[in-house]
Amino acid sequence: MMVRLLVLATLLLIAGELRARTPAEKAGFPSKLVIYLAKGPANSCGQGCDRWIAVEGTVDQGAAARIRRFLAGVKDTQRPIYFHSPGGAVDQSFAIGRLLRSRKAIARVGRTIVTACASGTQIDDACLKIKNAGGEVEAELTTRKAMCNSACGYLFLGATTREVAPDAAIAVHNSRLTLLIRGDPPPQVVAELRQQRLAMADRERAAFIAAMGIKGELTDLIKTVKFESIHVLTRPELYRFGIDTRAQPETLWTLEKAARPYARKVVFARKDDGASFRIMEWRLFCENKNRARLLFSRESDVGATGKSTIVMMAEPGKSVAFGRYPARVGKFEVWSDTVAPDTIKAMLATPRLFMGESTPAADGQTSLSTFDIDTTGLESAWTQMLATCPAAPVAAMPVAPPTAPAAQSPTVDATPSR
């Protein structure tokens, strides 16, 4: 009965991620592109990184000139740029993309949450005044449900280093052509002019994408997606087109402030076929001050045979042995086990955690595969969780297994113009 309830709960959560965006959510961006300097807690934008450039909002006419002036005053070209935008003017996006290429910029998709705007909406007049003041603002950074859609993608392609976190999204579609015609020309003349401009726009887009070192398959895909629709680039497409060529992109460990808080990490791992990826997720819960529970979820391997034994190791002798019998939730398999105090300490002290999987083969031998994941953000998330943990041991509570990572079914929006 409990398994059925967990399955139902997970399916409902996944369905919730697939819903269309409401008008209020579509309005959750500044009407003009905003760019500012942000500073967060230690390692908030990666190991050793706590400062970044935030670019968010709609790409408006005049955005390229503003960003050019802003970046001229930022000498640190290694400071990553985080984008969160629904799109906008394509010509401006091309110009900004070329500027970022000349700068050899590092681009990522992420939402910047300014601390001083906590009581507002992040886009109200008071908050925009803070962001546009010209100084460095205190902020937090999250990649979950962050997006760089439509024309924003061209800004992103301009960077020489491009990283799309597993829980962020880039979405594309064809451009909309707007003709401003004076007088009363014959319909045939208007139709011919429209076709000429569309063909020119296609050539400009193809030339820009090629100049950024991206494969022409992306151009072909964009032409098939109507302006009124949108296509979220899958992880295999991001890899195959040359947008994000990492074999194992990861999120940082982040604290999810749910009714029962937990630390969360999502990883895409490229499979041996080189063309597809497997989703994996970790959730660390605090059961009491001295004991944690770790859930490990991943897509089932349809070609796998036999039962695998999963082990996570922080250092020799400090491991979590998940065993052979995961719960099955749709296309996912989920393991769960408690974590002893000494293992928790070892997890927080090491920069990498090692995962090992042993699977019996048909010839009686055992195959072993291993990989490791980063622990950046784990110590901070655990420290915050401790504040809500019971002091004395409590009975282990059943928890719902992880849902599919948001990158598989992100909430996206698009408002480009041409």
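See the structure printed just above.
The model shown is predicted, which means the values in this text are computed figures rather than measured ones.

> An account of the overall build of the protein chain is needed here, citing residue identities and associated values.
Helices and strands together make up the secondary structure of the protein chain, namely 11 helices and 20 strands. By the burial criterion, 47% of the 418 residues in the protein chain qualify as buried. Contacts spanning at least 24 positions in sequence make up 69% of the contacts within the protein chain whose residues lie at least 6 apart.

> Describe the nonpolar core, naming the residues involved and giving the relevant values.
Formed by 47 residues in total, the largest nonpolar core has its most connected members in Phe83 and Leu218. Beyond its immediate chain neighbours, meaning those up to four positions away, Phe83 contacts Val55, Leu100, Ala107, Arg108, Val109, Gly110, Met147, Cys148, Cys152, Leu155 and Phe156. Counting 30 residues, the second-largest nonpolar core is a separate cluster that includes Trp253, Met312, Val320 and Met347.

> Pulling in residues and values, what's your account of the pairing of strand β20 (residues 366-374)?
Bridging between strand β19 (residues 352-360) and β20 involves nine bridges; their strand directions are antiparallel. Looking across to β20, one finds that Met355 is bridged to Phe371. Where β19 hands over to β20, the hairpin turn is made up of five residues, of which Gly364 adopts a positive phi near 90 degrees.

> Quick one: what's the story with the state of the cysteines, residue by residue and with numbers?
Inspection of the entire model under this criterion finds four disulfides. The residue that forms a disulfide with Cys148 is Cys152, at a sulfur-sulfur distance of 2.0 Å. On the sign convention where negative is left-handed, the bridge of Cys148 and Cys152, at about -100 degrees about the S-S bond, is left-handed. Sulfur-sulfur distance for the disulfide between Cys286 and Cys389 comes to 1.5 Å. A residue pair is termed long-range when its members are at least 10 positions apart, and Cys286 in strand β13 (residues 277-288) and Cys389 in the segment after α11 (378-386) qualify at 103 residues. On the accessibility criterion, Cys389 (8% relative accessible area) is buried. Numbered in order of appearance, the disulfide-bonded cysteines of the protein chain are paired 1-2, 3-4, 5-6, 7-8.

> Could you give an account of the pattern of salt bridges, with specific residues and numbers?
Taken as a whole and judged by the stated rule, the model has 27 salt bridges. Here Glu56 makes a salt bridge to Lys131, at a shortest N to O gap of 2.4 Å. One end of the pair, Glu56, is in strand β2 (residues 51-56); the other, Lys131, is in helix α5 (residues 125-131), with 75 residues separating them in the sequence. This pair shows no difference in class: Glu56 is buried, exactly as Lys131 is.

> Give me the lowdown on the packing of aromatic side chains, citing residues and values where you can.
In this structure the tally under the stated criterion is 12 aromatic pairs. Each ring, one from Phe268 and one from Phe277, has its centre 6.5 Å from the other, and the planes form 85 degrees; the classification is edge-to-face. Exposure class is identical for Phe268 and Phe277. Each is buried. A ring pair is formed by Phe296 and Phe322, whose centres lie 6.1 Å apart and whose planes are at 35 degrees; its orientation type is tilted. Of the two residues, Phe296 sits in strand β14 (residues 291-299) while Phe322 sits in strand β16 (residues 318-323), which places them 26 residues apart along the sequence. Overall, Phe322 belongs to the buried group, its relative accessible area being 8%. Ring pairing ties together the aromatic residues Trp282, Phe296, Phe322, Trp335 and Phe371, which thus form one cluster.

> Quick rundown of the sheet that holds β19? Include the residues and the values.
The strand order across the open sheet built from four strands is β16-β15-β19-β20, with neighbouring strands paired in antiparallel fashion. The sheet is open, and its two borders are formed by β16 and β20, each paired with just one other strand. Sheet twist, expressed as the average angle between the axes of neighbouring strands with direction ignored, equals 20 degrees. On top of the sheet, helix α10 (residues 341-349) reaches β15 (309-315), β16 and β19; it is set at about 110 degrees to β16, its chief contact.

> A description of the packing of α10 against α11 should follow, citing residues and the corresponding values.
Two elements in contact, α10 and α11, have axes separated by 8 Å at closest approach and are oriented at 135 degrees. It follows from the interaxial angle that α10 and α11 lie oblique. In the crossing of α10 with α11, the sense of the turn from one axis to the other is left-handed. Contacts between α10 and α11 involve Ile344, Met347 and Leu348 from the former and Leu378, Glu379 and Trp382 from the latter. Taken together, the residues of the contact of α10 with α11 break down into five nonpolar, no polar and one charged.

> Could you give an account of the pairing of strand β12 (residues 262-270), with specific residues and numbers?
By the criterion of burial, β12 is predominantly enclosed, with eight of the nine residues buried. Judged from the three bridges that link them, strand β11 (residues 254-256) and β12 form a sheet pairing that is antiparallel. Along β12, the bridge assignment pairs Leu255 with Ala263. Between β11 and β12, which pair antiparallel in sequence order, lie five residues. Summarising the sheet, β12 and β13 pair through nine bridges and their orientation is antiparallel. Bridging across to β13, Ala269 finds its partner in Arg278. Connecting β12 to the next strand, β13, in antiparallel fashion are six residues, including Gly274 with a positive phi near 75 degrees.

> Explain the packing of helix α3 (residues 63-72) against helix α4 (residues 90-103) residue by residue, including any values.
At a minimum axis separation of 8 Å, α3 and α4 run at an interaxial angle of 20 degrees. It follows that α3 is roughly parallel to α4 by the angle criterion. Residues Ala63, Ala64, Ile67, Arg68 and Leu71 of α3 pack against Gln92, Ala95, Ile96, Leu99, Leu100 and Arg103 of α4.

> Can you break down the side chain of Thr350 residue by residue, with the values?
Turning to its location among the elements, Thr350 is positioned in the loop between α10 and β19. In this structure Thr350 comes out as buried when scored by relative accessible area, which is 15%. Among the polar contacts made by the side chain of Thr350, one reaches the main-chain carbonyl oxygen of Arg352 at a distance of 3.0 Å. Not counting chain neighbours up to four residues away, the residues in contact with Thr350 comprise Ala314 and Thr375.

Cut-offs applied
- Residues numbered from 1 in each chain as written.
- Predicted model: local features only at pLDDT ≥ 70, side-chain atom pairs only at ≥ 80, totals over all residues.
- Heavy atoms only, no water.
- Helix = DSSP H or I, 4+ residues; strand = E, 2+ residues; numbered from the N terminus.
- Buried < 20%, exposed > 50% of the residue type's maximum accessible area, 1.4 Å probe, protein only.
- Contact = heavy atoms within 4.5 Å.
- Core = buried A, V, L, I, M, F, W, Y, C linked by side-chain atoms within 4.5 Å.
- Pairing = 2+ DSSP bridges.
- Disulfide = S-S within 2.5 Å.
- Salt bridge = Lys/Arg side-chain N within 4 Å of Asp/Glu carboxyl O.
- Phe/Tyr/Trp six-rings, centres within 6.5 Å; stacked < 30°, edge-to-face > 60°.
- Axes fitted to C-alpha atoms, helices over the stretch in contact; angles between N-to-C directions.
- Parallel < 35°, antiparallel > 145°, perpendicular 65-115°, else oblique.
- Left-handed = near helix turned anticlockwise from the far one by under 90°.
- Nonpolar A, V, L, I, M, F, W, Y, C, P; charged D, E, K, R; others polar.
- Polar contact = N/O pair within 3.5 Å; in protein donor to acceptor, adjacent residues only side chain to side chain.

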